[in-house]
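# Remarks on the overall topology
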Amino acid sequence: MTTERNQTLGEFIIDKQEDFMYSSGEFTRLINSLRLAAKVVSHQVNQAGLVDIVGAFGKENVQGEQQQKLDVYANEVFIKTLVNREIVCGIASEEEDDFIAIQGKKGNNENKYVVLMDPLDGSSNIDVNVSVGTIFSIYRRVTPIGTPVTQEDFLQKGANQVAAGYIVYGSSTMLVYTTGNGVNGFTLNPAIGTFYLSHPNMKIKEDGNIYSINEGNYVHFPQGVKDYIKYCQAEEGERPYTSRYIGSLVSDIHRNILKGGIYIYPTSTKAPKGKLRLLYECNPIAYIIEQAGGKASDGYSRIMDIEPTELHQRVPFFCGSKNMVEKAEEFMSQYPAK
Ligand code: AHM
Ligand code: MG
């Protein structure tokens, strides 16, 4: 419940500023900008069906996917909010072919953070009134401050993340984020446009009973995944588990954090590298899941240890309750990755 007694996100950010190792206020301003953009997008998502914002935009993104009008809108809102405030030195987005280097008004940019994001994940769900989300990941740049950012600043492994979060536009809008000191969730009170701390110190159970995977692709899955699905369905102890798959990553992950479960998007004969993107989908979710006490892997090893090679790189993704992910890895290890 969000009541007047709950701390607001604004108050929380200021309180936590001092805990933050390199605190200069820059990071605080960055989170504040994301908070603002989230409110703008939330408002627009809630207008779907009332204003001309649902449906395809008529173009494909670099990955050959149909862009939805709201994808494009959310992308613009997040980018404009960050660019106008000169709060970061670079942005990478699922909707942009390449990263964006941000020059300050005076030609140089003294900011030290880059943001990688999926501005509106699961956007094909909007037309049918199903929850969608935003995912973001923040790094400290590795090239010298004041020079234009390069690809190197974005191709960092997930373990280097300074912060990560998601916003779920669901039955209510929630912003969940971590800076490496646990995970906190804030619910938007739309009447007054304020996020309140509703889910302090979120933890995912070590064992859960939900498995989330697109089973329609079963015949295309690796044998280790097929065997794990059969394990989930077997009658023994707490099993069979419940199958829940919304097809909207943020919502599936959010539910599994709150209830305990595993989410899997594996490789398949149709998608040999998996579907989800390492840098702005898997890494930020992995950081949150780990901070909540769970585990995130590619089926064999830790997601956040993968050295990225491309901005839009895809990876198989297994994440959620620790013991469930470890069990799935046990099945995968019977069939070593090629
Ligand atoms: P998107 O980034 O194009 O929206 O795709 C990512 C989405 C995730 O939200 C979701 O978990 C997954 O794709 C669903 O894929 P599928 O329909 O193949 O099960
Ligand atoms: Mg996406």
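The paragraphs below set out a description of the structure included in this document. Fair warning: this is a prediction, and the values are worked out from it, not measured in the lab.

### What about helix α3 (residues 69–84)?
- Over its 16 residues, α3 extends 22 Å from the first C-alpha to the last, a length consistent with the 22 Å expected when each residue adds 1.5 Å.
- Listed in full, the buried residues belonging to α3 are L70, D71, V72, A74, N75, V77, F78, I79, T81 and L82.
- Downstream of α3 by a residue or two, E86 has a phi angle that is positive, lying close to 45°.

### Regarding the sheet that holds strand β7 (residues 163–169)
- Overall, mixed pairing links the 8 strands, which are arranged β4-β3-β5-β6-β7-β8-β9-β10 in an open sheet. Single-partner strands in this sheet number two, and they are β4 (100–101) and β10 (194–199).
- The pairing of strand β9 (residues 183–189) with β10 spans 5 bridges and is classified as antiparallel. The residue bridging F186 from the neighbouring strand is L197, located in β10.
- The strands touched by α3 are β3 (90–93), β4, β5 (113–121), β6 (132–140) and β7; relative to β5, the strand with the most contacts, the crossing angle is about 160°.

### Topic: the coordination of the magnesium ion (ligand 2)
- Protein-derived coordination of the magnesium ion (ligand 2) comes from E94 (OE), D118 (OD), D121 (OD) and E281 (OE), at a distance range of 1.9 to 2.4 Å.
- All donors of the magnesium ion (ligand 2) belong to a single chain; written as a sequence motif, their spacing is E-x23-D-x2-D-x159-E. Of this pair, E94 sits in the loop between β3 and β4 while D118 sits in strand β5, and the two are 24 residues apart along the sequence. Grouping residues by exposure puts E94 and D118 together as buried.

### Description of the environment of G25
- Within the secondary structure layout, G25 lies in the loop between α1 (9–17) and α2 (26–45).
- Between the C-alpha atom of G25 and that of V132, which follows or precedes it by 107 residues, the distance is 30 Å.

### Quick look at the sheet that holds strand β11 (residues 210–212)
- One open sheet accounts for 5 strands, arranged β12-β11-β13-β15-β14; its pairing is mixed. Every interior strand has two partners, whereas the edge strands, β12 (242–243) and β14 (295–297), have only one.
- Direction of pairing for β14 relative to strand β15 (residues 317–320): antiparallel, over a ladder of 3 bridges. Pairing of K295 across the sheet is with G320, part of β15.
- Where helix α5 (residues 223–233) meets the sheet, its contacts fall on β11, β13 (262–265) and β15, and the angle it forms with β11 comes to roughly 150°.

Conventions we followed
Residues numbered from 1 in each chain as written. Chains lettered and ligands numbered in written order. Predicted model: local features only at pLDDT ≥ 70, side-chain atom pairs only at ≥ 80, totals over all residues. Heavy atoms only, no water. Helix = DSSP H or I, 4+ residues; strand = E, 2+ residues; numbered from the N terminus. Expected span 1.5 Å × (residues − 1). Buried < 20%, exposed > 50% of the residue type's maximum accessible area, 1.4 Å probe, protein only. Pairing = 2+ DSSP bridges. Contact = heavy atoms within 4.5 Å. Axes fitted to C-alpha atoms, helices over the stretch in contact; angles between N-to-C directions. Donors = N, O, S within 2.8 Å, 3.2 Å for Na, K, Ca; no water.

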